[in-house]
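Here is how the chains run, residue by residue.
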Amino acid sequence: MERVLAETLLSQSRDPRVLLRALCRGEASAERVETLRFVLQRLEDEEERGGGAGAGALPEAAREVAAGYLVPLLRGLRGRPAGGPDPDLPARDRRRVLRAATAALRSCARLAGGPQLAAALAEEALRDLVAGGPAPGAEAAVEVLAAVGPCLRPREDGPLLERVAQAAVALALGADGDRDEAGPAEDAAALAAGRLLPALGQCGGAALRAVWAGLVAAGAPSGPGRVGPQLLVLSALAERLLPEPGADRGPRAGEEDPDARRCGRFWRTVQAGLARAPDALTRKRARYLLQRAVEVSAERGAPCACGPGEGTGPSLFWWSEKKKDELLKFWENYILIMETLEGNQIHVIKPVLPKLNSLFEYAVSEENGCWLFHPSWHMCIYKRMFESENKILTKEGVMHFLELYETKSLPFAPEFSEFIIGPLMDALSESSLYSRSPGQLIGSGSPLGLKLQKFLVTYVSLLPEEIKSSFLLKFIQKMTSRHWCAIPILFLSKALANVPRCKALGIEGLLALRDVLQRTMITHQILLRGAAQCCLLQTAMNLVDVEKVTLSDVSTFLMSLRQEESLGRGTSLWTELCDWLRVNESCFGRASACNPTGLPETPSLNAYVKNLVQEYITSPAWEREDCFMPDWSEAKLVATMVLLAVDVEGMKTQYSEKRRTQNVLRIFLDPLLDSLLKLGTNAYMPLLRADRCLQLLLKLLHTCMLTGSGARDDEVFTLLQSFAMSATESISDFILRRLTMNELSSVSDLDRCHLYLMVLTELINIHLKVGWKRGNPIWRVLSPLKNASIRHLQEMDSGQEPTLARQIQRVISMAALATVCEAVDQKPELQLDSLEPGPAERFLASLPLNHALQKPHPEDHSSFSEDSAASQGWGKVVAQYIHDQWVCLSFLLRKYHTLIPSSEGDVPDAVLPAVQMPARTLQSALGALTVLPSDQVLPVFHCMKVLVPKLLTSCESLCVESIDMAWKIISALSNTQLIFWSNLKAFVQFVFDTKVLTIAAKIKGQAYFKIKEIMYKMIEMSAIKTGVFNTLISYCCRSWIVSASDVSQVSLSSAKNYSELILEACLFGTVFRRDQRLIQDVQTYIENLGHDCAANTVIENTKREDHYVRICAVKFLCLLHGSNMSHKLFMEDLAIKLLDKDESVSKSRTRYYVNSQQHRLKNRVWQTLLVLFPSFDQNFLNRIIDKIFQAGFINNQASIKYFIEWIIILILHKFPQFLLKFWDCFSYGEENLKTSICTFLSILSHLDIITQNIPEKKPVLKQALVTVLQWCFSHNFSIRLYALAALKKVWSMCKALRVDELEALTSVIESSLNQVENMPGTGNAKKNWQRIQEHFFFASFHPVRDYCLETIFYILPRLSGLVEDEWIAIGKFTRFTDIPSDAGFQWYLSPTHLCELKPGDWTQQDVGSHSGEADSQSEWTDVQKKIIPWKNNAPDLDLELVFQDRVAKLGKSISRLIVVASLIDKPTNLGGLCRTCEVFGASALVLGSLQCVGDKQFQGLSVSAEQWLPLVEVKPPQLIDFLQQKKTEGYTVIGVEQTAKSVDLTQYSFPERSLLLLGNEREGIPANLIQQLDVCVEIPQQGIIRSLNVHVSGALLIWEYTRQQLLRHGDAES
């Protein structure tokens, strides 16, 4: 069309110049400029042929057009001079003008006849480009240079070409390739890379060398996006940089173009494109360059190497004709793997991974064990896998890399170490990679984590000694470079801990480990955090060179560990650390200078610790008395080192010479004891020294507590207690003086007050442990402390000016009173006064509640301003005061609870107002909840616990308001880990107190419904925050049963009104998200390590797993006794509600599939009913037996069927009178029984158990035999199978009892049983008969002997294919001690060998439940014959004959193509395929389910094709058998898939009998089906996207098959 337009215009104008001038007039629209370009190109063509009109004047006209029109036009792109383009033009039109103008300019340059025009234009455009003007101008300049560049002369214009090349390279490589959106500057850069540089490169000579030099000098790509422009240029110049033999090498024969194969920079760019490029096009260019380089090298044959190798390693690329075959094989496999990885589908990639193993075999020389190929090529493959969006592929890549050293011995390469510390560790930061493999048991450990341990141990042991230290240091430093989740940091730490002992790390490594420890502290999972700390400490002990670190370094490192999470005294880790210190005590290095504490370093542990204590006790002279409290970390360090040194000394004496241990401890602590003994008498002792001593004493006592055993057996703890007791008098006098003599007067002194009260509490506990004596020092202190505190409070109420000192003293006095009250409340031995209220109690009860302390006025400006916290944190001080006041009040309420009236009007003259006016106090409690911070509301909850039961009847609305306010606080705290659980526990204890529940249920008012509402809200919260329901159910169950020594005498009067709570607990269990499940799995793995992991010892198991909710409810039910009427009624009510729940779930329209939420709920229902079964009597069963039988008629999952069958067997065994109802179940007719008959036949397989309690068994056997025989002739194979199994059991019993009346049936029955037992061949029928007989339910399970909790909750769910989340190990029942075990504890465990069985491959299913059983031959054949349009039922006809008959009737040509679409899910794809198959005459379309034919989307695309095409149903699990059957009939099974050996569609010849297997839309053809294929055919592709829509792919192959068959028939006819 363009040519015709140009010729037409030229034919109408005799003079081309006139035409050119006419085109140059008017507005420069895109159409006008393009027309000018067409005319100029036509004139250029005529000029080359030598036939141009006006040849002499044409050069001059071309120069006029260029100078007078095109150049101003291109300049006008920056603005809009006269005749220029409209600046409001869309970007697309401006680009059209630009492209057309530059093309026209190139034609002008050629028509001008001389080089001057091209050079002038290039110079001007280069100036614009270098000037760095606006982006549109740069774009125009690039277009001009790309147009006229090829017109320049290589020799004469060589300098100009070089300058243009340099500017173009700078522009192309200077853009930010990492930006998501391209701007004008990026457009110009892309234009330079895509048009200008390739155009200059084609010029050859100096231009090509300049471009190449610019590319080589560009440096390594700094980001994944920057490699794209370089590869774009390189691929455009590939023919020049990687020329084939005999190719034109440039304008000058004597010049050699650059050979990219010899440049390391080139190969680094290619590798970056292969491994890191974010887009598929860039990766494809990199593969193209690599493939071309290999092909060129093979064709040339000459040796080639990429410069000298790095170190002793090989070159990045090399070629040798001698090793041509090996090289071609290596690179062919390499490129195949990289292309396959583009598919991003694991089932396609996994079969190719063995070729990656062969790459390593090729890469290592067998002669000298050195690398033949540079290892960085292998790393590119792994990087590509690691950066895949498909996490399954990433995991496969990581696993493959970690398995390298299991089977191969690879030589050392620095690239491996860099790769491990870089990309591998980056990939390992993804938590999802550590998930369990399918079929792996919970708690068995992450496969990837275990492989990581093995890999790191192997790799480090193979490293050269000079490399090992630096590698491990970089590895640990990499762990500090990012924020890790709990699971990756745990497994990395565990891998490090398993590295064999070596002296690899110095002080720098120890500091890096400390940084890693601090990284672990930010994770939320406490157990995982503690386990990681244990591993990191073991790493330090294994890898640190003790000669390079000092004891001071070690002690500082130990302070990063949390003793409450890992390094607890008495754990195996503590013992291991002591042993390490003992062995290396004399090896620790000496510090070159004094350590931070000012002590000269000494290698002896005892000397170091002695000096450490001495220096700690000695207060530095520069510390002022009025400064803040000393840092607790110093006391922690000293206490830890003291106890470690003492335990090390104990190891040296091997637990003999205990007096030596005592002496060592006394030597260490003499300075401390001396200072403590002087506290009470030495008024001049520095305050900081006193504080340090008390801090150290507390830390010693807390740290010394043995975690693993009782502290009373620990001699060190006993000695510390004796030291503390000897100093009790001095310490208590000091504390009394400090708290009562107005010595604490600033806000910072509140911390000191807290320290003193903690010490006082600890001393009280010590004295109570050893035996309380009335005259001991603590006794003498408590009463004066209480009296002085009350006196201070009374003085403050006298109306004095509220100065800072007075207000602080008031806060301290209230805190002291709270401490005394708490101590007295917990230890009745400390009752200081009589039970009658004294002055102190009256004063406390009369204090105004929630009274906010007035902010003090400074006594003088300077003193108050020094304490900045006084003005900024006064609200916190007030909150602490109110908190302590409520602590005292809760003590009073509990002590004088008998004085609390049920209403306000009962006490005219209250002695204790806060106690005797409960409504006012409760109202104040509501006020306190609004002002107190969440971490200080506990005492208010404690008060409410006492008040609400008293007021619930008279002031219900106030109590409901209190409950509601408390719940709002708990709800708001759900994300606050530290204080949530303690507050929740207190909340549950007050709202769900037995008295509250009883009263609320009795009056059935607002409180009753509010409690029920909160109960369900807590259950709902448990789905998000695991453990909430545990707290609730545990407290309620304990409060209902623990009050009496004999549980059978406990009345459940309050529990029966809240039976929904037990019901919900029995059914509770959330379906975890994948990340939650992973955390649960890893926590179970850590717990299974037992005492080998110290975190298990020091961290208390909170039992917050969801399983413990059901465990608590079940153990509660196990404690109930049917002899107690309230228990019996409670359990019967619960059973009825469970059956109702099962019925409602069955009627629900929610999707019901294996391990769905509905499946799990029903499973838990029947588990609980089995637990309750022993309490059912005949009268109650009469009420529920119909519901139980009705449940058997429902189509259930296998595990539920087993439970229903089990409970029916137990009922019939215990109450044979229900057999009549059972026989009635078989009389519903086959249509009604088709989904349940197998259930009732399975029950008859245990007829021997059922008839144990029946004296006369023969009538039962006759009835059973008659019933079973009628089902042995069912048309359904599964029913016949179950009937035969039942018949075998019944007939064996008949023969044992010699039932004479049945002799007539003997020959028939025995011949039938012999026939099925001795079935010939190895078909599916025989296999299924063997399987059902070996199945646990028929072969091993004994319904009576196996009746136990272990079978109900662990064995049967495991054997029936239930997901592991539903398995509850019996050990959890025994570990859960909140509810005591019942007297019949032995029934928890299974007495038979059932627990040793493994799940089989047979799953009991009813007819119609779509079990997916692949090899039920008869059923499969029946399904195969379902041809929808004609309802054909010809079981004896061959499938192919049916097809031929059908097409003959339709008058259509016979095709032998079967299209199998069973793997396809979407109705739209299936409908389109149906239409395509019908149009091209396929013999049949195979679907996974014929139900899709009724789908509207299917019918919308099939347009009634399903009425004219045979449709066959073959479910995906049955495909293997179907394909094998078709192979025996002569069909070739063809898969549409890209594989390593797939054949190009254009090269494949289809056999007449072809079966086309199409893959799933997302996953393609599964690996197990790929093995069944005879051939894989792939559709050739030219684009970037890797796959077509499955319907389109199928249509292409169906047409190609049809085309080939038509050609063959045509040839045959001719």
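Source: prediction; values computed, not measured.

(A) Geometry of the overall build of the chain. On a plain count of helices and strands, the chain comes out with 75 helices and nine strands. Looking at the 1614 residues of the chain, the share that counts as buried comes to 56%. Residue pairs at least 24 apart in sequence account for 76% of intrachain contacts in the chain once pairs closer than 6 positions are excluded. In the structure as shown, the chain presents an accessible area of about 68,600 Å², 52% of it carried by carbon and sulfur atoms.

(B) Representation of the pattern of salt bridges within the structure. Scanning the entire structure with this criterion turns up 51 salt bridges. When the shortest N-O distance is used, the salt bridge between Arg261 and Asp259 registers 2.9 Å. Taken together, the shared-partner salt bridges in this structure form one network comprising Asp964, Lys968, Lys1010, Glu1013 and Lys1017.

(C) Molecular detail of unusual backbone geometry. Backbone geometry places Val1503, a non-glycine residue, at a positive phi of 45°. Its location among the elements puts Val1503 in the loop between α72 (1496-1502) and β5 (1511-1513). Phi at Ser1504 takes a positive value of approximately 75°, unusual for a residue other than glycine. Tracing the sequence through the fold places Ser1504 in the loop between α72 and β5.

(D) Region of the structure containing the packing of aromatic side chains. For the structure on display, the rule yields 65 aromatic pairs. When the centroid spacing of 4.5 Å and the interplanar angle of 20° are considered together, the rings of Trp267 and Phe317 count as stacked. Taken as a pair, Trp267 in helix α13 (residues 264-276) and Phe317 in the loop between β1 (304-305) and β2 (318-319) lie far apart in primary sequence, 50 residues in all. Take Trp267 and Phe317: they sit in the same class, and that class is buried. Ring centres of Phe1215 and Phe1218 lie 6.2 Å apart, and the angle between their planes is 80°; this geometry places the pair in the edge-to-face category. Of the residues examined, Phe1215 reaches a relative accessible area of 10% and is grouped as buried. For Phe1218, a relative accessible area of 3% gives the class buried. Among the aromatic residues, those joined into a cluster by ring pairs are Phe360, Trp371, Tyr382, Phe386, Phe401, Tyr405, Phe416, Phe419, Phe455, Tyr459, Phe471 and Phe475. When the ring centre of Trp484 is taken as origin, the NZ or CZ atom of Arg482, which lies over that ring, is 5.5 Å away.

(E) Spotlight on the environment of Asp1140. Looking at the secondary structure, you find Asp1140 in helix α54 (residues 1125-1147). Assessed through its relative accessible area of 35%, Asp1140 is described here as partly exposed.

(F) Structural view of the pairing of strand β9 (residues 1575-1578). The sheet contact formed by strand β6 (residues 1532-1536) and β9 spans three bridges and is parallel. Bridged to Gly1535 within β9 is Cys1576.

(G) Expanded view of the side chain of Glu762. Relative to the helices and strands, Glu762 is located in helix α35 (residues 749-770). Here His702 takes part through its side chain, which lies 3.2 Å from a polar atom of the side chain of Glu762. With near-sequence residues (within four places) excluded, Glu762 lies in contact with Leu698, Leu701 and His702.

(H) View of the sheet that holds β5. Spatial strand order, β5-β4-β3-β8-β6-β9-β7: seven strands in an open sheet with parallel pairing. Two strands close off the open sheet at either side, each with one partner strand: β5 and β7 (1543-1544). Contacts from helix α71 (residues 1467-1479) reach β3 (1457-1461), β4 (1484-1487) and β5 within the one sheet, and its direction differs from that of β4 by about 165°. In this fold helix α73 (residues 1519-1528) packs onto β3, β4, β6 and β8 (1554-1557), with an angle of close to 160° to the strand it touches most, β8.

(I) Representation of the packing of helix α49 (residues 1028-1041) against helix α50 (residues 1059-1067) in the model. Orientation of α49 relative to α50, taken along the N-to-C sense of each, is 130°, at an axis distance of 11 Å. Put simply, α49 runs oblique to α50. At the point where α49 passes α50, the crossing takes the left-handed sense. The segment α49 lies against α50, with Phe1029, Leu1032, Ile1033, Cys1036, Cys1037 and Trp1040 engaging Leu1061, Ile1062, Glu1064 and Ala1065. Grouping the amino acids of the contact of α49 with α50 by side-chain chemistry returns nine nonpolar, no polar and one charged.

(J) Focus on the environment of Pro686. In this fold, Pro686 is placed in the loop between α31 (658-678) and α32 (687-704). Under the relative-accessibility criterion, Pro686 is labelled partly exposed at 30%.

(K) Representation of the pairing of β6 within the structure. Of all five residues in β6, five are buried, a share of seventy percent or more. Taking every second residue as pointing to the same face, both faces of β6 are buried, with Thr1532, Ile1534 and Val1536 on one and Val1533 and Gly1535 on the other. Note: β6 against β8, four bridges, orientation parallel. Opposite Val1533, over in β8, you have Leu1555 as the bridge partner.

(L) Structural view of the environment of Ser954. Considering the arrangement of structural elements, one finds Ser954 in the loop between α44 (938-951) and α45 (956-972). Sequence spacing of Ser954 and Ser903 is 51 residues, and the spatial spacing of their C-alpha atoms is 6.3 Å.

(M) Up close: the side chain of Arg1164. In this fold, Arg1164 is placed in helix α55 (residues 1157-1172). At 3.3 Å, the side chain of Arg1164 and the backbone oxygen of Gly1069 are in polar contact. Sequence-distant contacts of Arg1164, that is, excluding residues within four places in its chain, are made with Cys1066, Leu1067, Phe1068, Gly1069, Arg1110, Gln1157 and Glu1366.

(N) Representation of a nonpolar patch on the surface in the model. A cluster of nonpolar side chains, Val1479, Phe1480, Trp1599 and Leu1606, forms an exposed patch at the surface whose accessible area comes to about 390 Å². Within the fold, Val1479 resides in helix α71.

(O) Layout of the confidence of the model for the chain. Averaged over all residues, the pLDDT of the chain is 80; the fraction at 70 or higher stands at 84%. Of all the helices and strands in the chain, helix α69 (residues 1417-1424) carries the lowest mean pLDDT, 28, while β3 carries the highest, 95. This stretch, residues 176-182, has a pLDDT under 50; its non-local contacts, to residues over four places away or in other chains, come to 10 contacts. Low confidence marks residues 860-870, where pLDDT is under 50. Its contacts with residues over four positions away, or in another chain, come to 14 contacts.

Reading the values: rules and limits
Residues numbered from 1 in each chain as written. Predicted model: local features only at pLDDT ≥ 70, side-chain atom pairs only at ≥ 80, totals over all residues. Heavy atoms only, no water. Helix = DSSP H or I, 4+ residues; strand = E, 2+ residues; numbered from the N terminus. Buried < 20%, exposed > 50% of the residue type's maximum accessible area, 1.4 Å probe, protein only. Contact = heavy atoms within 4.5 Å. Areas by Shrake-Rupley, 256 points an atom, 1.4 Å probe, with all protein chains shown as cover. Salt bridge = Lys/Arg side-chain N within 4 Å of Asp/Glu carboxyl O. Phe/Tyr/Trp six-rings, centres within 6.5 Å; stacked < 30°, edge-to-face > 60°. Lys NZ or Arg CZ within 6 Å of the ring centre and 35° of its normal. Pairing = 2+ DSSP bridges. Polar contact = N/O pair within 3.5 Å; in protein donor to acceptor, adjacent residues only side chain to side chain. Axes fitted to C-alpha atoms, helices over the stretch in contact; angles between N-to-C directions. Parallel < 35°, antiparallel > 145°, perpendicular 65-115°, else oblique. Left-handed = near helix turned anticlockwise from the far one by under 90°. Nonpolar A, V, L, I, M, F, W, Y, C, P; charged D, E, K, R; others polar. Patch = residues over 30% accessible without salt bridge, like charges linked within 9 Å, V, L, I, M, F, W, Y side chains within 5 Å. pLDDT = per-residue confidence, 0-100.

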